[in-house]
Amino acid sequence: MLRLNGVTKVFNPGGVNERIALRDISLHLAPGDVVAVIGSNGAGKSTLLNVVAGVYEIDTGIISLDGSPVQALPEHARAAQIGRVFQDPLLGTAASMTIEENLAMALRRGRRRGLRRGVSAGERELFREQLSLLGLGLEGRLSARVGLLSGGQRQALTVLMATIAAPKLLLLDEHTAALDPRTARTVLELTEKIIARHGLTTLMVTHNLEQALTVGNRTIMMHEGRIVLNLTEPERSNMHVSDLLLKFEQISGNTLDNDRMLLTARG
Ligand SMILES: Nc1ncnc2c1ncn2[C@@H]1O[C@H](COP(=O)(O)OP(=O)(O)OP(=O)(O)O)[C@@H](O)[C@H]1O
């Protein structure tokens with residue numbers, strides 16, 4: 001489904017600020033795989049998502065989605081095939097537009113039809129139905145401006161927007177990290193529900209090691225631009241956060257160092 005073969009990304013090549021962000025990365029996601037990505041600061045996690053999304057050109061290798069090279073896809077095709085949610089709830093939605101306008105934009109992403117013709121009755125029905133599944137009461141507030149929503153409501157709406165047009169791939173870049181712990185849990189649960197409902201293939205960067213072992217079916221650990229650990233079931237279910245930390249130390253010779261890392265241990 002998603003295939004990366006020998007992918008390297010170098011920033012500022014040849015200069016004093018040269019950074020090899022990705023070193024010969026190979027990774028294959030089967031349809032429906034939900035992969036948590038963890039690693040130390042500067043390990044290359046965000047760059048990985050950025051090259052998969054086609055934001056950055058790669059220096060070597062190939063990235064393909066259902067057999068088509070991602071870099072060759074025109075921008076609108078990429079937008080339709082890849083949904084993405086960032087850490088900042090303000091980034092995914094337009095504050096001055098209403099909930100239904102935001103959802104209509106998301107639904108029509110990659111299509112010619114813009115917002116000029118307004119929201120149709122059919123679309124409104126679809127939005128009500130999808131919003132009611134979030135359980136946040138937003139289905140009764142279609143004409144409310146998104147700027148009035150809380151950070152958690154806004155991020156839940158962003159996840160819905162990223163998935164409403166049935167993308168092939170969902171990219172989550174620490175998308176609950178800016179929320180308070182309770183809201184983060186709610187948004188993560190909603191995200192898992194949406195992923196399961198559509199069977200979405202997903203790459204999720206997280207700084208929460210507990211989440212990294214419980215969300216989805218695989219965990220990859222990055223360090224200095226490389227994938228240093230690729231955990232699948234049943235090995236993953238038997239791992240605890242402390243095992244993950246130990247593995248990292250054994251592989252890298254360092255302690256896992258991420259200033260945003262959450263080390264909640266599994267009970
Ligand atoms: N646009 C850029 N220009 C130059 N260097 C960059 C750029 N983006 C990332 N880098 C460098 O590439 C390396 C990988 O960065 P990246 O942001 O992918 O790491 P990360 O694993 O997401 O880190 P963090 O957990 O700290 O967010 C780092 O050395 C970083 O400084």
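The structure presented is a predicted model; accordingly, all values stated were derived computationally and were not measured.

> Quick question: what am I supposed to make of the site of the ligand here?
Taken together, 15 residues lie around the ligand, and Gly-42, Gly-44, Lys-45, Ser-46 and Thr-47 are the ones closest in. In the environment of the ligand, an oxygen atom lies 2.9 Å from a nitrogen or oxygen atom belonging to the backbone of Gly-44. Ser-46 places a main-chain nitrogen or oxygen 3.0 Å from an oxygen atom of the ligand. Here the ligand has 640 Å² of accessible area as a free molecule, and 68% of this is covered by the chains.

> How should the packing of helix α4 (residues 121-134) against helix α5 (residues 151-163) be read in this particular structure?
To characterise two packed helices, one gives the angle between the axes of the helices and the distance between these axes. Closest axis-to-axis distance for the α4/α5 pair is 11 Å, and the angle between their directions is 130 degrees. Taken together, α4 and α5 sit at an angle that is classed as oblique. As α4 packs across α5, the resulting crossing turns out to be right-handed. Side by side, α4 and α5 meet where Gln-130, Leu-131 and Leu-134 of the first sit next to Ala-156, Leu-157 and Leu-160 of the second. Residues belonging to the contact of α4 with α5 are distributed by class as follows: five nonpolar, one polar and no charged.

> What is the right way to look at the sheet that holds strand β1 (residues 2-11) in this model?
Strand-to-strand pairing in sheets goes through backbone hydrogen bonds, with the strands running parallel or antiparallel. As summarised here, the arrangement of the four strands in space is β2-β1-β4-β5, forming an open sheet in which the pairing is antiparallel. The open sheet terminates on both sides in strands that have one partner only, identified here as β2 (19-29) and β5 (68-69). Where β1 and strand β4 (residues 60-65) come together, five bridges link them in antiparallel fashion. Opposite Leu-4, over in β4, you have Ile-63 as the bridge partner. Sheet strands in contact with helix α1 (residues 45-52) are β1, β2 and β4, and its direction is about 115 degrees off that of β1.

> So what exactly am I meant to see when it comes to the packing of aromatic side chains here?
Pairs of aromatic rings are described using the distance from one ring centre to the other and the angle between the two planes. Taken as a whole and assessed by the stated rule, the structure comprises one aromatic pair. Plain terms: the ring middles of Phe-11 and Tyr-56 are 5.1 Å apart, the flat faces sit at 85 degrees to each other, and that makes the pair edge-to-face. With a gap of 45 residues between them, Phe-11 in strand β1 and Tyr-56 in the loop between α1 and β4 connect regions that are remote in the sequence. According to the relative accessible area criterion, Tyr-56 is partly exposed, its value standing at 30%.

> Which parts of the structure should I look at to understand the pairing of β4?
Both β4 and β5 contribute to a ladder of two bridges, which runs antiparallel. Bridge pairing in β5 places Ser-64 opposite Pro-69. Here β4 hands over to β5 after two residues, with Asp-66 in that stretch at a positive phi of 50 degrees.

> How should the nonpolar core be read in this particular structure?
Note that soluble globular proteins tend to have their nonpolar side chains buried in a common cluster. Counting 44 residues, the largest nonpolar core has Ile-99, Leu-103, Phe-127, Leu-131, Leu-134, Leu-157 and Leu-244 as the members making the most contacts within it. Counting residues per element, this core draws most heavily on α5, which supplies six residues. Setting aside its immediate chain neighbours within four residues, Leu-134 contacts Ala-156, Leu-160, Leu-190 and Ile-194. In this structure, Leu-2, Leu-4, Val-7 and Ile-220 belong to the second largest nonpolar core, which totals 27 residues.

Conventions adopted
Residues numbered from 1 in each chain as written. Predicted model: local features only at pLDDT ≥ 70, side-chain atom pairs only at ≥ 80, totals over all residues. Heavy atoms only, no water. Near = heavy atom within 4 Å. Polar contact = N/O pair within 3.5 Å; in protein donor to acceptor, adjacent residues only side chain to side chain. Areas by Shrake-Rupley, 256 points an atom, 1.4 Å probe, with all protein chains shown as cover. Axes fitted to C-alpha atoms, helices over the stretch in contact; angles between N-to-C directions. Helix = DSSP H or I, 4+ residues; strand = E, 2+ residues; numbered from the N terminus. Parallel < 35°, antiparallel > 145°, perpendicular 65-115°, else oblique. Left-handed = near helix turned anticlockwise from the far one by under 90°. Contact = heavy atoms within 4.5 Å. Nonpolar A, V, L, I, M, F, W, Y, C, P; charged D, E, K, R; others polar. Pairing = 2+ DSSP bridges. Phe/Tyr/Trp six-rings, centres within 6.5 Å; stacked < 30°, edge-to-face > 60°. Buried < 20%, exposed > 50% of the residue type's maximum accessible area, 1.4 Å probe, protein only. Core = buried A, V, L, I, M, F, W, Y, C linked by side-chain atoms within 4.5 Å.

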